[in-house]
Amino acid sequence: MVTGDMDGGSEIPDSDMLRFNAELDRLMQARRDHALSLADFLETLTRSITRMIGVSRASVWWLEGQGQTLRCACLFESERDRFSSDSELKASDYPHYFEAFGSARVIAAHDAPTDSGTREFAHGYLDTLGITSMLDAQISNSDGLRGVVCCEHTGAPRRWTAEEMAFVGSVADYTGLALELKERGEMADALGQANAGLRTAIEAAEAAQAEAERANRLQTQFLANTSHELRTPLHGVLGGLAILRAETRPDVREHWFGIIERSGRWLLGSVNSVLDMAAIEDGVLVLNASRFELADALTEATAALRPGEETGRIELQVEPAARDVGPLFTDRSRLERVVGNLLDNAIKFAPNSPIILRASAALVIADGVRVSVEDEGPGVAEHLQEAIFDRFLQGDGSAHRQHGGSGLGLAISREYITRMGGQLAYAPREGGGSIFWFEVPLELPEEAQCRRGRASSGVPARS
Amino acid sequence: MRRILIIDDDPVNREIFRWALSAEFEIHEMKSGIGAADRISGGDYDLVLLDLMMPIVDGAEVVRDLADINLGALARVLVVTAALNTNVTEELNGFPLAGIEARPYDPDEIKILVGRFLQ
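Rules of the game
- Residues numbered from 1 in each chain as written.
- Chains lettered and ligands numbered in written order.
- Predicted model: local features only at pLDDT ≥ 70, side-chain atom pairs only at ≥ 80, totals over all residues.
- Pairing = 2+ DSSP bridges.
- Helix = DSSP H or I, 4+ residues; strand = E, 2+ residues; numbered from the N terminus.
- Axes fitted to C-alpha atoms, helices over the stretch in contact; angles between N-to-C directions.
- pLDDT = per-residue confidence, 0-100.
- Contact = placed C-beta atoms within 7 Å.
- Buried ≥ 20, exposed ≤ 12 C-beta atoms within 10 Å, placed from the backbone.
- Parallel < 35°, antiparallel > 145°, perpendicular 65-115°, else oblique.
- Nonpolar A, V, L, I, M, F, W, Y, C, P; charged D, E, K, R; others polar.
- Core = buried A, V, L, I, M, F, W, Y, C linked by C-beta atoms within 7 Å.
- Right-handed = clockwise from strand over helix to strand, strands pointing away.

The next point concerns the sheet that holds strand S11 (residues 355–361) of chain A. All names here are of chain A. Ordered by their spatial adjacency, five strands build an open sheet running S9-S11-S12-S14-S13, and the pairing between neighbours is mixed. Of all the strands in the sheet, the pair left with one neighbour each is strand S9 (314–318) and strand S13 (423–428). Averaged over all adjacent pairs, the angle separating strand axes in this sheet is 15°, with direction ignored. Taken together, the seven bridges between S11 and strand S12 (residues 368–375) define a ladder with antiparallel strand orientation. The residue of S12 that forms the bridge with Ala-359 is Val-371.

Right, dumping it as structure tokens:
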């Protein structure tokens with residue numbers, strides 16, 4: 001099994017050979033079957049050595065510091081039944097020993113105090129511990145020399161048999177193998193960790209990219225919606241003007257003048273919404289309060305709808321409670337815009353349904369009025385009931401198609417109403433359909449007239 | 001008289017098209033995409049002017065539905081839209097449509113566009 005410094009004369013008893021081989025098998029088996037850690041394996045085998053070859057001390061030492069240091073990884077003392085570790089030997093203190101175990105697989109020092117390899121230990125070590133014979137074997141593996149297995153015998157000096165030398169040599173080989181397996185495992189773990197780290201980084205990057213793409217898609221969708229919202233009335237203006245150039249019938253001309261004017265006003269409203277949204281983002285939106293009757297504003301809003309809309313199916317209902325509260329003092333043009341947006345949505349998304357524009361006393365806030373737009377259309381799917389107020393509608397745009405109206409309309413409407421100190425929300429209508437309602441206080445809150453929105457510093461409010 | 005179907009949710013757009021085309025063509029109108037695929041399929045129109053951005057059932061959905069029930073009818077559908085959105089046009093390019101065009105607002109241009117597709 002091991003070639004070494006065997007002092008070949010002695011007979012090898014067959015029984016010992018069998019016993020040693022069986023023990024080596026057992027050690028290998030134990031390491032494999034119980035997935036022993038290296039430290040546990042070292043304890044198992046040092047204990048095994050003391051028992052198998054009858055020595056009082058067995059230890060495993062790793063070579064460190066460019067081969068200049070041996071550090072004890074595990075020492076078993078059979079008499080005390082005790083493990084210890086961490087003592088250290090320097091090549092500079094024991095040059096002959098380092099040379100000896102580095103050049104021979106096995107050092108069999110039958111008489112340790114005089115053996116050329118071990119006599120450096122004679123004073124202060126061998127004599128103190130009563131060690132008479134030492135049997136050391138190189139630990140090496142594919143990385144080269146890694147350490148030494150050391151067996152120390154006390155009592156009368158003994159002559160190591162070739163079999164004992166072979167056994168300890170084999171134990172040392174197993175130790176080298178165990179060390180190598182452990183290091184490979186660590187490397188595999190490290191690679192695994194590096195891999196996992198890389199995977200996490202890739203996933204994070206992919207998530208960031210997906211988020212950026214999503215934001216980009218929403219931005220594109222928003223721009224498409226806004227652009228559509230601005231172009232449609234602009235085309236009404238320009239198309240109408242082109243028709244006027246060619247049209248001679250007075251009544252038809254009058255009709256197109258009306259369309260152009262209303263398209264222009266609707267366009268102005270859309271432009272104002274876009275600008276207001278930008279002002280809100282910059283924190284500089286300022287509302288303007290004036291005193292007016294709610295019913296007048298609702299009538300005005302109905303009259304200022306997109307040209308050509310079938311306003312005939314809108315029924316205005318002003319309950320006495322809404323009149324009794326007296327005139328409002330808030331931002332009239334933006335309130336009318338909100339009403340216009342809600343009506344515009346109802347006209348679009350509830351085709352052929354009657355539409356009720358109702359004014360009543362506030363239910364949710366104190367000292368306010370409630371305005372609702374009710375239709376008998378398909379209503380808003382539950383999962384979209386909040387999303388429709390998001391300027392950047394979630395999803396594939398189907399929400400916009402199904403309920404989003406202007407894209408900006410509901411979002412800006414909610415912003416306006418919130419700044420007026422009120423609330424705007426959706427509720428399903430009993431029996432089918434939608435109710436979009438808002439409530440505003442009778443008076444515009446003081447702070448709304450110089451409100452800064454989310455940019456809380458640095459930007460002065462325009463007045 | 002040749003028949004044209006205009007599908008557009010904006011009443012002013014429909015009116016401009018009607019003003020431009022009604023002297024030469026029989027004009028039919030739909031104000032949304034709801035039921036549009038069936039109507040195009042069975043309507044024997046010489047040309048269909050289909051808007052894209054419409055509530056509830058948009059133009060792209062009309063195209064997809066029509067492709068399912070009567071693929072050949074797509075050859076008479078001209079998609080006209082105010083905002084040419086690349087995502088949508090890319091998808092629609094896969095269908096055998098008459099064309100995809102930016103929607104003109106000038107009546108003269110409308111006549112030219114329609115004339116181009118009806119010779």
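Turning our eyes to something else, we now look at the confidence of the model for chain A. Any residue range with low pLDDT should be treated as having predicted coordinates unsuitable for detailed reading. Residues and elements named next belong to chain A. For chain A, the average pLDDT comes to 84, and 90% of its residues sit at 70 or higher. Contacts of residues 1–11 to residues separated by more than four positions or lying in other chains number 26 contacts, the stretch itself having pLDDT below 50. Overall, residues 451–463 carries pLDDT values under 50, and its contacts beyond four positions in sequence, including any with other chains, amount to 24 contacts.

In this section: helix H1 (residues 11–21) of chain B. Counting buried positions along H1 of chain B yields nine of eleven residues, so the element is predominantly enclosed. Within H1 of chain B, burial applies to Val-12, Asn-13, Arg-14, Glu-15, Ile-16, Phe-17, Trp-19, Ala-20 and Leu-21 of chain B. Where H1 of chain B is buried, its residues meet helix H5 (162–246) and helix H6 (250–282) of chain A together with strand S1 (3–7), strand S2 (26–30), strand S3 (47–50) and helix H5 (107–118) of chain B.

Residues and elements named next belong to chain B. As a packed pair, H1 and H5 sit with axes 9 Å apart at the nearest point and diverge in direction by 70°. Comparing their axes, H5 and H1 come out roughly perpendicular. Across from Ile-16, Phe-17, Trp-19, Ala-20 and Leu-21 in H1, the residues of H5 making contact are Pro-107, Ile-110, Lys-111 and Val-114.

Looking now at the interface of chain A and chain B. Across the contact, 22 residues belong to chain A and 20 residues belong to chain B. Those elements giving two or more residues to the side of chain A that touches chain B turn out to be H5, H6, helix H9 (332–349) and helix H10 (398–404) of chain A. Broken down by element, the side of chain A that touches chain B gets its largest block of residues, twelve residues, from H5 of chain A. The residue makeup of the side of chain A that touches chain B, split by class, is nine nonpolar, nine polar and four charged.

Moving on, we come to the nonpolar core. Within soluble globular proteins, side chains that are nonpolar tend to cluster in buried spots. Grouped together as the largest cluster of nonpolar side chains are 49 residues, with contacts concentrated most on Ile-49, Val-148, Val-149, Cys-151 and Val-168 of chain A. Among the elements that line this core, the one with the most residues is H5 of chain A, at eight residues. Beyond its immediate stretch of four places on either side in the chain, Cys-151 of chain A contacts Ile-49, Ile-53, Val-55, Ala-58, Met-134, Leu-135 and Val-168 of chain A. Counting 44 residues, the second largest nonpolar core, distinct from the first, contains Ala-20, Leu-47, Val-77 and Tyr-105 of chain B.

Below, the discussion takes up unusual backbone geometry. Excluding glycine, residues mostly have negative phi values, and the peptide bonds linking residues are mostly trans. The backbone of Asp-86 of chain A shows a phi angle near 85°, a positive value even though the residue is not glycine. Using a count of 9 C-beta atoms within 10 Å as the deciding quantity, one classes Asp-86 of chain A as exposed. Positive phi outside glycine occurs at Ile-56 of chain B, with the angle close to 70°. Assignment of secondary structure puts Ile-56 of chain B in the loop between S3 and helix H3 (59–69).

All right, on to the pairing of strand S4 (residues 77–81) of chain B then. All names here are of chain B. Counting buried residues along S4, five of its five residues qualify, which places the element largely inside the surrounding structure. With burial as the criterion, each face of S4 is covered, one bearing Val-77, Val-79 and Thr-81 and the other bearing Leu-78 and Val-80. Taken together, the three bridges between S3 and S4 define a ladder with parallel strand orientation. Bridge assignment links Leu-50 to a residue of S4, and that residue is Val-79. You can see the chain leave S3, run along H3 and come back into S4, and the turn it takes is right-handed.

On to the sheet that holds S3 of chain B, then. Residue and element names in this part refer to chain B. The five strands lie next to each other as S2-S1-S3-S4-S5, forming an open sheet whose pairing is parallel. Sheet topology places S2 and strand S5 (99–102) at the edges, where each strand pairs with a single neighbour. Here the strands of the sheet are splayed against their neighbours by 20° on average, with no regard to which way each runs. On the sheet, H5 packs against S3, S4 and S5 and is oriented at approximately 135° with respect to S3.

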